[in-house]
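One letter stands for each residue in the lines below.
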Amino acid sequence: MSQKILVTGGAGYIGSHTSLLLLEAGFEVVVVDNLSNSSVESLRRVEKLTDQFIRFYKVDLTNFDALSDIFKEHQFDAVVHFAGLKAVGESSQIPLTYYEQNIYGTINLMKAMQKFNCKRIVFSSSATVYGDPASVPIKEDFPISATNPYGRTKLFIEEIMRDQAIADSDWQIVLLRYFNPVGAHKSGQIGEDPQGIPNNLMPFISQVAVGKREKLSVFGNDYPTPDGTGVRDYIHVVDLSDAHVKAIQKITGLLGVTTLNLGTGKGYSVLDMVKAFEKGSGKTIAYEIVDRRPGDIAECWADPALANKVLSWKATKGLDDMIDDTWRWQSQNPLGYDS
Ligand code: NAD
Ligand code: UDP
């Protein structure tokens, strides 16, 4: 019998891609999502692409009773936990909402898991927990800190999970620290569909390319980097999702808490990304240099060696794939899932 995986936040950007790859790898997938930042259309498209069924529950993780009902109905082998709020700027305006949704939501989830004896979880953490790192590439044993409420929710959740693994050694926990996820499935059927003005670079550039936004604001060109603009480790969402599938396949052999960077190990600047997108899409990306964005750091890229070793995983897609796949999704769905 196939293993059954609960995917929280499965209707979202990374969750929908991971659900697709889990189905392709032979897992049964159940999704819980409150649809606060997504559309169930993403899951319908995953079902079409895989010709398989996803059981979907529109439930908020802060609702313990509703969550328990799902655990009563299904015996899960493991949970992949994506659900949460993720806008850095917004987290400073409504920190209580961020702490409630992300931290309280996770505590509820883990309480339900404990109660129904499902103690394997893969969690979406972020490179933001490294704060402003002293050097690059970043390794998992670098000191962690947070510079905004969003980052603090990731940091606290990591600590909560470590405490739980100490309290009960049956827990098997994989903390995946993502660098910068971009791109879309090669079908062009699922991708990133941000509500309102995108906070992140790649969706902003692709909305300029498709004519939805006039120009990109480049946040500073006076950083100590080769061209003065910020450098990041962009990773294709399908590579990232593949690491989740591998984590689920290996989790029974991992004891306690395993913390892994998910990146490519390569850094690209904002202007590298603009030039590459222009080449890939054939469109001109208008931009202007503006002030630095508060809280941004100069450069950030991963040392992914540990994830390569522990998961037998490696990012295989390069910048051209990231851009071609983003552009296919964006041009075929100019209004996202509402297109
Ligand atoms: P997303 O917003 O597309 O997906 C998150 C999903 O969770 C959404 O479908 C949303 O409706 C759902 N959700 C939010 N709060 C919920 C709640 N209380 N109950 C049930 N569902 C809820 O975001 P994403 O880019 O797919 O990110 C997934 C995870 O990865 C998040 O935890 C995010 O913090 C983390 N992460 C993302 C990035 C990135 O750049 N995209 C980087 C590092 C970490
Ligand atoms: N950036 C930018 N303009 C934008 C959005 C982002 O110049 O509209 C820059 C940002 O300063 C950083 C890089 O692009 O150097 C990646 O930013 P993003 O918000 O995508 O991810 P972050 O690394 O901040 O999580």
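Above this note sits the structure.
Residues numbered from 1 in each chain as written. Chains lettered and ligands numbered in written order. Predicted model: local features only at pLDDT ≥ 70, side-chain atom pairs only at ≥ 80, totals over all residues. Heavy atoms only, no water.

Peer 1: Would you take a moment to explain empty space enclosed by the protein for this structure?
Peer 2: By the definition in use, this model includes one cavity of 30 Å³ or more. For the largest cavity, the calculated volume is near 150 Å³. Glu192, Pro194, Ser206, Trp329 and Gln330 are the residues nearest the centre of the largest cavity, which is lined by 18 residues in total. Secondary structure elements with two or more residues in the lining of the largest cavity: helix H7 (201-209) and helix H11 (319-332). With four residues, H7 is the largest single contributor of residues to the lining of the largest cavity. Of the residues contributing to the lining of the largest cavity, the split by class is eight nonpolar, seven polar and three charged. (1 Å grid on protein atoms, 1.4 Å probe; cavity = no way out; pocket = protein on both sides within 12 Å on 5 of 7 lines; lining within 4 Å. Points joined across faces, edges and corners; volume = space filled by probe spheres on them. Helix = DSSP H or I, 4+ residues; strand = E, 2+ residues; numbered from the N terminus. Nonpolar A, V, L, I, M, F, W, Y, C, P; charged D, E, K, R; others polar.)

Peer 1: Could you clarify how one ought to interpret the packing of aromatic side chains in this entry?
Peer 2: Any two aromatic rings considered together are summarised by their centre-to-centre distance and by the angle between their planes. Applying the stated rule across the entire model yields six aromatic pairs. Relative to phenylalanine 76, the ring of phenylalanine 71 has its centre 5.3 Å away and its plane inclined at 80 degrees; by these criteria the two rings are edge-to-face. Each member of the pair, phenylalanine 71 together with phenylalanine 76, is buried. Seen in terms of ring centroids, phenylalanine 277 and tryptophan 327 are 6.0 Å apart; in terms of plane orientation they differ by 85 degrees. Their pairing is edge-to-face. (Phe/Tyr/Trp six-rings, centres within 6.5 Å; stacked < 30°, edge-to-face > 60°. Buried < 20%, exposed > 50% of the residue type's maximum accessible area, 1.4 Å probe, protein only.)

Peer 1: Looking at this structure, how should I read the site of ligand 1?
Peer 2: Residues in close proximity to ligand 1 total 26 residues, the closest being Asp33, Asn37, Ser38, Gln101 and Tyr150. Measuring from an oxygen atom of ligand 1, one finds a backbone N or O atom of isoleucine 14 at 2.8 Å. Residue lysine 154 places a side-chain N or O atom 2.9 Å away from an oxygen atom belonging to ligand 1. Within the complex, the protein chains bury 96% of what would otherwise be the 820 Å² of accessible surface of ligand 1. Ranked by residue count, the leading element in the shell around ligand 1 is strand E5 (residues 120-126), at three residues. Classifying every residue of the shell around ligand 1 gives 11 nonpolar, 11 polar and four charged. (Near = heavy atom within 4 Å. Polar contact = N/O pair within 3.5 Å; in protein donor to acceptor, adjacent residues only side chain to side chain. Areas by Shrake-Rupley, 256 points an atom, 1.4 Å probe, with all protein chains shown as cover.)

Peer 1: What is the right way to look at the environment of glycine 282 in this model?
Peer 2: Along the chain, the position of glycine 282 falls in the loop between helix H9 (270-281) and strand E13 (287-290). With a relative accessible area of 66%, glycine 282 lands in the exposed category. Counting along the chain gives 73 residues from glycine 282 to alanine 209, while the straight-line C-alpha distance between them is 8.8 Å.

Peer 1: Just checking my understanding: could you explain helix H1 (residues 13-24) for this structure?
Peer 2: Think of an α-helix as turning once every 3.6 residues; residues three or four places apart then point the same way. The end-to-end C-alpha separation of H1 is 17 Å, in line with the 16 Å expected for 12 residues at 1.5 Å each. With 11 of 12 residues buried, H1 lies mostly within the body of the structure. Listed as buried for H1 are Tyr13, Ile14, Gly15, Ser16, His17, Thr18, Ser19, Leu20, Leu21, Leu22 and Leu23. Where the residues of H1 are buried, they touch strand E1 (4-8), strand E2 (28-33), helix H2 (41-50), strand E6 (172-178), strand E7 (180-182) and helix H8 (237-250). (Expected span 1.5 Å × (residues − 1). Contact = heavy atoms within 4.5 Å.)

Peer 1: Could you clarify how one ought to interpret the site of ligand 2 in this entry?
Peer 2: Close to ligand 2 lie 14 residues, the nearest being Leu201, Ser217, Arg232, Arg293 and Asp296. Backbone polar atom of phenylalanine 219 to an oxygen atom of ligand 2: 2.9 Å apart, as the coordinates give it. Within the contact set of ligand 2, an oxygen atom lies 2.7 Å away from a side-chain nitrogen or oxygen of arginine 293. If you tally residues by element for the shell around ligand 2, the top one is strand E8 (residues 216-219), at four residues. Per-class residue counts for the shell around ligand 2 are six nonpolar, five polar and three charged.

Peer 1: What exactly am I supposed to notice about the sheet that holds strand E14 (residues 299-300) here?
Peer 2: Strand pairing in a sheet relies on backbone hydrogen bonds. The paired strands run either parallel or antiparallel. Taken together, three strands build an open sheet; the order of strands is E12-E9-E14 and the sheet is mixed. Of all strands in the sheet, those bounded by a partner on one side alone are strand E12 (268-269) and E14. Of the strand pairs in this sheet, strand E9 (residues 231-232) and E12 are connected by two bridges, and their pairing is antiparallel. Within E12, the residue paired with valine 231 across the bridge is serine 269. (Pairing = 2+ DSSP bridges.)

Peer 1: Would you explain the sheet that holds strand E3 (residues 55-58) in this entry?
Peer 2: One open sheet accounts for seven strands, arranged E3-E2-E1-E4-E5-E6-E11; its pairing is parallel. On the outer flanks of this sheet lie E3 and strand E11 (256-262), each paired with one strand and no other. Shown here is a sheet whose adjacent strand axes are inclined to one another by a mean of 20 degrees, direction ignored. In this structure, E1 lies alongside strand E4 (residues 78-81), joined through four bridges in parallel fashion. Along E4, the bridge assignment pairs isoleucine 5 with alanine 78. Here helix H5 (residues 95-115) sits on the sheet in contact with E1, E4 and E5, set at roughly 175 degrees to E4. Helix H6 (residues 149-167) rests against E4, E5, E6 and E11 of the sheet, and its axis sits at about 150 degrees to E5. (Axes fitted to C-alpha atoms, helices over the stretch in contact; angles between N-to-C directions.)

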